[in-house]
Amino acid sequence: MKIFSAKQIYEADKATIKKNNISSNELMEGAAVQLFNWLHLRIQGGPVKIHLFCGIGNNGGDGIALARHLQEHGYNIAVYVVNYSKKRSDDFLVNLDRLKDRKIWPEFLEENSVLPEIGREDIVVDAIFGIGLNRAPDSWVVNLFEHIQKSEAFVLSVDIPSGLFTDKVPKDEKAVIKANHTLSFQVPKLVFFLPETGIFTQQWEVLDIGLDPEFLANTETYYELIGKNEMLPVYIPREKFSHKGTHGHGLIVGGSYGKIGSVNLASKACLETGSGLVTAYVPKCGYIPLQTNFPEAMVLTDADEKYITNIEFDINPTVIGIGVGLGKDQSTVKALDEFLSKNKKPLVIDADALNILSENKSLLKKIPAQSVLTPHPKELERLIGKWKDDFDKLDKAKKFSKQYDCILVIKGSHTITIYDEKGYVNTTGNPGMGTAGTGDVLTGMITGLITQSYSPLNAAVFGVYLHGRAGDIAVDKTGYQALTATNVINDIGSAFIDLFAQPESRPEVNENEAPPE
Ligand SMILES: NC(=O)C1=CN([C@@H]2O[C@H](COP(=O)(O)OP(=O)(O)OC[C@H]3O[C@@H](n4cnc5c(N)ncnc54)[C@H](O)[C@@H]3O)[C@@H](O)[C@H]2O)[C@@H](O)CC1
Ligand SMILES: [K+]
């Protein structure tokens, strides 16, 4: 699913109005009906009190229009206009008049107004600011946010939590409403997925308000949300007459004394992801553990007992995953330098190989084009330098990707894969995966996909997706705390199968049907 910028959403809005020959108010009405249906389906006419806080722009207009529908269906509502500016939007005014026609008089909140009482069991609809926010809200509006938050009522934000910008991190956390749920119009916002801004909504959902599908399809975006639908067309089916020789040969180079397990995990993940053959290249101390633990792998050893000191082999791997458990011994740094000088194979670079690159930036020029780098946040910082905030991080990552023609996998709760100008935001995975060795598994999986002729970019995006999905399937059996990297490997197969699983049938609500009264 594409992630549009605020500017593109406004353009989509205009394109829809023109193409469908409707007024902007009709578009707003459609959005309000979607909001109403969502709420009505869940509350089913219950007596819960709904407080609607509405700004004076179009986000506020949505809230005011929603209030009308709720009132018409007998809901217990209180409507407030948060009067932060005199520049009321036309569609806000039209809806305010319609509300007054129905004898509903909103309470106008100003700087010194007494704030309304909100009960814990009540619902707050937050329609104060939408994507039109262009500066931090005034302090009295921030006080209102705090007042709402203190009530502990369920907060439903319209389009975006109020106070949250679409393209920058707020300076003051208190100046943004923390929503329990956000109903985002048509498309999700990038800010839902970044660590510094994703905290403002616990959950989000997209409401289809009928923006022009042609405009949405033809407009390129800088970010894309990656789920099953995006990955299915990427999947390469197995050919009937294929054999292990046609499924490629992954080589995992890594390990040092006490860290051989990482190579074990990466190699296993590479094989489970479908590589025809897997070889592990380790220091001598890794030979017996690997041969014992992982009979499917072939093992090559360095001359040294504890470290990798020279990366030379007479096999012909399709791709090389390098860095897990590698350590940074001087002899290893030298070995990596020499290896990069002569290597022509595609690389997946992780862990200490990344740290060695960060500490010896001249080596970066030697990595082959389209290498995949999989840093966790600290490794990323060493590579691209400190960032001011999440947006600066993305900009720096894009620059780095362009400079070295590489694919950067920024690991996090929503891993974002960056290539050139574009970011692919992952949707799978869970907090249980923050555990030893899951990074090694990811390196192995991406390596295993490249062996099977996935392009490095597709391998990175698909690998991240499958890795998270395997973790999600595994966590159902283990719980968050007990989930291990081995559990993730064991469910890689299930993650592939899940790609083709039909969603379990559940009584779907027909959007064209009237909601239950
Ligand atoms: N294109 C779409 O998809 C649709 C958008 N709609 C709604 O329209 C919203 C955007 O509406 P608007 O552009 O009117 O903007 P908002 O309603 O987000 O903000 C209102 C106005 O307040 C002013 N403002 C910004 N920051 C301020 C601050 N800190 N203090 C005081 N004033 C400030 C700006 O002039 C802004 O236009 C969306 O978020 C959505 O809720 C819906 O009506 C349906 C259609
Ligand atoms: K809002």
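What counts and how
- Residues numbered from 1 in each chain as written.
- Chains lettered and ligands numbered in written order.
- Predicted model: local features only at pLDDT ≥ 70, side-chain atom pairs only at ≥ 80, totals over all residues.
- Heavy atoms only, no water.
- Domains from an automatic or database assignment.
- Contact = heavy atoms within 4.5 Å.
- Buried area = accessible area lost by both parts, 1.4 Å probe.
- Salt bridge = Lys/Arg side-chain N within 4 Å of Asp/Glu carboxyl O.
- Polar contact = N/O pair within 3.5 Å; in protein donor to acceptor, adjacent residues only side chain to side chain.
- Nonpolar A, V, L, I, M, F, W, Y, C, P; charged D, E, K, R; others polar.
- Pairing = 2+ DSSP bridges.
- Helix = DSSP H or I, 4+ residues; strand = E, 2+ residues; numbered from the N terminus.
- Axes fitted to C-alpha atoms, helices over the stretch in contact; angles between N-to-C directions.
- Donors = N, O, S within 2.8 Å, 3.2 Å for Na, K, Ca; no water.
- Buried < 20%, exposed > 50% of the residue type's maximum accessible area, 1.4 Å probe, protein only.

Q: For this particular structure, what's the right way to read the domain arrangement of the protein?
A: Accessible area lost when the parts come together is the quantity often used to give the size of an interface. On domain assignment, one finds that the protein holds domain 1 (2–221) and domain 2 (231–499). In this complex, domain 1 contributes 14 residues to the contact, which on the side of domain 2 involves nine residues. Carbon and sulfur atoms supply 70% of the area buried between domain 1 and domain 2, which totals about 920 Å² over both sides. Sorting the residues of domain 1 by area buried against domain 2 places Phe193, Leu194 and Glu196 first, and these three jointly supply 47% of that buried surface. Taken together, domain 1 and domain 2 are joined by zero salt bridges. Inspection of the region where domain 1 meets domain 2 yields one residue pair in polar contact (both at pLDDT 80 or more). Looking at the side of domain 1 that touches domain 2 residue by residue, the class counts come to seven nonpolar, three polar and four charged.

Q: What exactly am I supposed to notice about the sheet that holds strand E6 (residues 154–158) here?
A: Pairing between the strands of a sheet is mediated by backbone hydrogen bonds and can be parallel or antiparallel. Ordered by their spatial adjacency, seven strands build an open sheet running E4-E3-E2-E5-E6-E7-E8, and the pairing between neighbours is parallel. Every interior strand has two partners, whereas the edge strands, strand E4 (107–109) and strand E8 (201–207), have only one. When the angles between neighbouring strand axes are averaged without regard to direction, this sheet yields 25 degrees. Relative to E8, strand E7 (residues 179–185) is paired through six bridges, and the arrangement is parallel. Counterpart to Phe185 in the pairing with E8 is Leu207. Lying over the sheet, helix H3 (residues 58–72) contacts strand E2 (49–54), strand E3 (76–82), strand E5 (123–127), E6 and E7, oriented at roughly 155 degrees with respect to E2.

Q: What exactly am I supposed to notice about the coordination of the potassium ion (ligand 2) here?
A: Ideal geometry at a metal centre gives angles of 109.5 degrees when four donors are arranged tetrahedrally and 90 or 180 degrees when six donors are arranged octahedrally. Donor atoms from the polypeptide that bind the potassium ion (ligand 2) are Asn59 (OD1), Asp126 (O), Phe129 (O), Val158 (O), Ile160 (O) and Ser162 (OG), placed at 2.6 to 3.0 Å. In terms of primary sequence, the donors binding the potassium ion (ligand 2) are separated according to N-x66-D-x2-F-x28-V-x1-I-x1-S. Phe129 matches Asp126 in its accessibility class, with the two residues each being buried.

Q: What's the story with the environment of Phe92 in this structure? I'm lost.
A: As for its position among the elements, Phe92 is in helix H4 (residues 90–101). The exposure class assigned to Phe92 is buried, which follows from its relative accessible area of 0%. Considering only alpha carbons, one finds Phe92 and Ser23, 69 residues apart in sequence, at a separation of 13 Å. With near-sequence residues (within four places) excluded, Phe92 lies in contact with Gly55, Ile56, Gly57, Asn58, Gly60, Gly61, Ile64 and Val81.

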